[in-house]
Amino acid sequence: MTRGGGDGEAVAAAAVAVADPQAVVAVKKKSSRSWVLLDATGQATVLDVDKYAIMHRVHIHARDLRIVDPLLSYPSAILGRDRAIVLNLEHIKAIITAEEVLLRDPLDENVIPVVEELQRRLPPVNSNRDNQTDGRELPAGQNDVDAGEEDESPFEFRALEVALEAICSFLAARTTELETDAYPALDELTSKISSRNLDRVRKLKSAMTRLTARVQKVRDELEQLLDDDDDMADLYLSRKLAGACSPVSASGPPNWYPASPTIGSKISRASRASMVTVRGDENDVEELEMLLEAYFMQIDGTLNKLATLREYIDDTEDYINIQLDNHRNQLIQLELFLSSGTVSLSIYSLVGGIFGMNIPYTWNDGHGYMFKWVCIVTGIVCFFVFIVIVAYARHKGLVGS
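Computed from a predicted structure; not experimentally measured.

Chemist: Any details on the overall build of the protein chain? Residues and values, ideally.
Modeler: Secondary structure assignment for the protein chain yields 15 helices and six strands. Relative to all contacts within the protein chain whose residues are 6 or more apart in sequence, the contacts with residues 24 or more apart total 71%. Accessible surface for the protein chain amounts to roughly 23,500 Å². Of this, 57% is attributable to carbon and sulfur atoms.

Chemist: Give me the lowdown on the pattern of salt bridges, citing residues and values where you can.
Modeler: Side chains that differ in sign of charge can pair as their charged atoms come close. Taken as a whole and assessed by the stated rule, the structure comprises 17 salt bridges. Here E90 and R214 are joined by a salt bridge, their closest N and O atoms 3.0 Å apart. Of this pair, E90 sits in the loop between β4 (85–89) and β5 (92–96) while R214 sits in helix α9 (residues 195–227), and the two are 124 residues apart along the sequence. A relative accessible area of 21% means that E90 is categorised as partly exposed. Judged by relative accessible area, R214 falls into the partly exposed class, the value being 29%. For R200, the salt bridge identified is with E188, shortest N-O distance 3.2 Å. Of this pair, R200 sits in helix α9 while E188 is found in helix α8 (residues 155–191), placing the two residues 12 residues apart along the sequence.

Chemist: Describe the nonpolar core, and please don't skip the residues or the numbers.
Modeler: By size, the foremost hydrophobic cluster in this structure holds 61 residues, and its most contacted members are I78, L87, L103, L118, L288 and L292. When sequence neighbours within four positions are dropped, the list of residues in contact with L103 reads S34, W35, V36, I92, K93, A94, V111, V114, V115 and L118. With 16 residues, the next largest nonpolar core counts W35, L47, M55 and A77 among its residues.

Parameters and conventions
- Residues numbered from 1 in each chain as written.
- Predicted model: local features only at pLDDT ≥ 70, side-chain atom pairs only at ≥ 80, totals over all residues.
- Heavy atoms only, no water.
- Helix = DSSP H or I, 4+ residues; strand = E, 2+ residues; numbered from the N terminus.
- Contact = heavy atoms within 4.5 Å.
- Areas by Shrake-Rupley, 256 points an atom, 1.4 Å probe, with all protein chains shown as cover.
- Salt bridge = Lys/Arg side-chain N within 4 Å of Asp/Glu carboxyl O.
- Buried < 20%, exposed > 50% of the residue type's maximum accessible area, 1.4 Å probe, protein only.
- Core = buried A, V, L, I, M, F, W, Y, C linked by side-chain atoms within 4.5 Å.

Written out as structure tokens, the structure is:
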């Protein structure tokens, strides 16, 4: 649990990063060791430890720890283990136990708001109430009611709710930004088809495809978790902790938890909450199901927005293709008119070529007045041929009316 020495080494490594490419790899490895620990009171402590220390602390396997490794690419996952919840949701990579939260990369700009929200919402309700009463005792009935209300929200569920709320809000914000950029760009493209507008829409469509895949992964993970009651039951860490610390068991609290002033009260509250579990209600996952359903609906709404945007893009593409087809048909009609005119003029050129031959013949003498009549009659015939070709094309529907 060191801070000063680790920061100094990180700064020194960053200083030589430009000159030495290996230093960049060293900084990345160093950042992969950075964790922030938040206990039940909301106190944050920066840790610089290796993976073996984390595995020993929370009792998870190496394959589970690799899921939250920022240097590896793993899909979104929410896994319940015996003593921890392994959480990998985009940039939120955390390990949640019944008493603490371990969060990766605490200095990341997207993780800092999550840490602040955890510090605000992790402390139990009665701790704030105790600070406000300044040592005054509340009626016994009110204490029981407050304890009952608090038991409805275990520590791990408060931490999980913060993570789900953060990732849903993050993806919703990215979707809103994409909609803000996409709809005006699509409208501009429909009004004016240009290379710049087409390239802009292409980039927006690529961004939408990537964002849709990210949202779909989170949605699929929540849906898979909601479909399996056993997986949801594995996330009840306080229930399992209370069962292990119940009077039936002679062993005390597990020694892998850090010393905390709230550990006694936490176990006591979890023991009271586990009375229903002892009576055979271990598969009751209604509370967690309601929590997951709320954020499933939110992420599903985000996915529906992206689906609507995709449909709008597809409609725009269809409209543009129709416009291009219309322009292509107009060019074909123009080519037909020009070809018809060329055929008609070729007849005129044929007549002129025949009379222009340098071959002596007798009937050319004394008939100079025939020149104008040959030109007039040939012109009329060419025009008539042009009209016939166009009329035939209209009759067959090759050109518009």
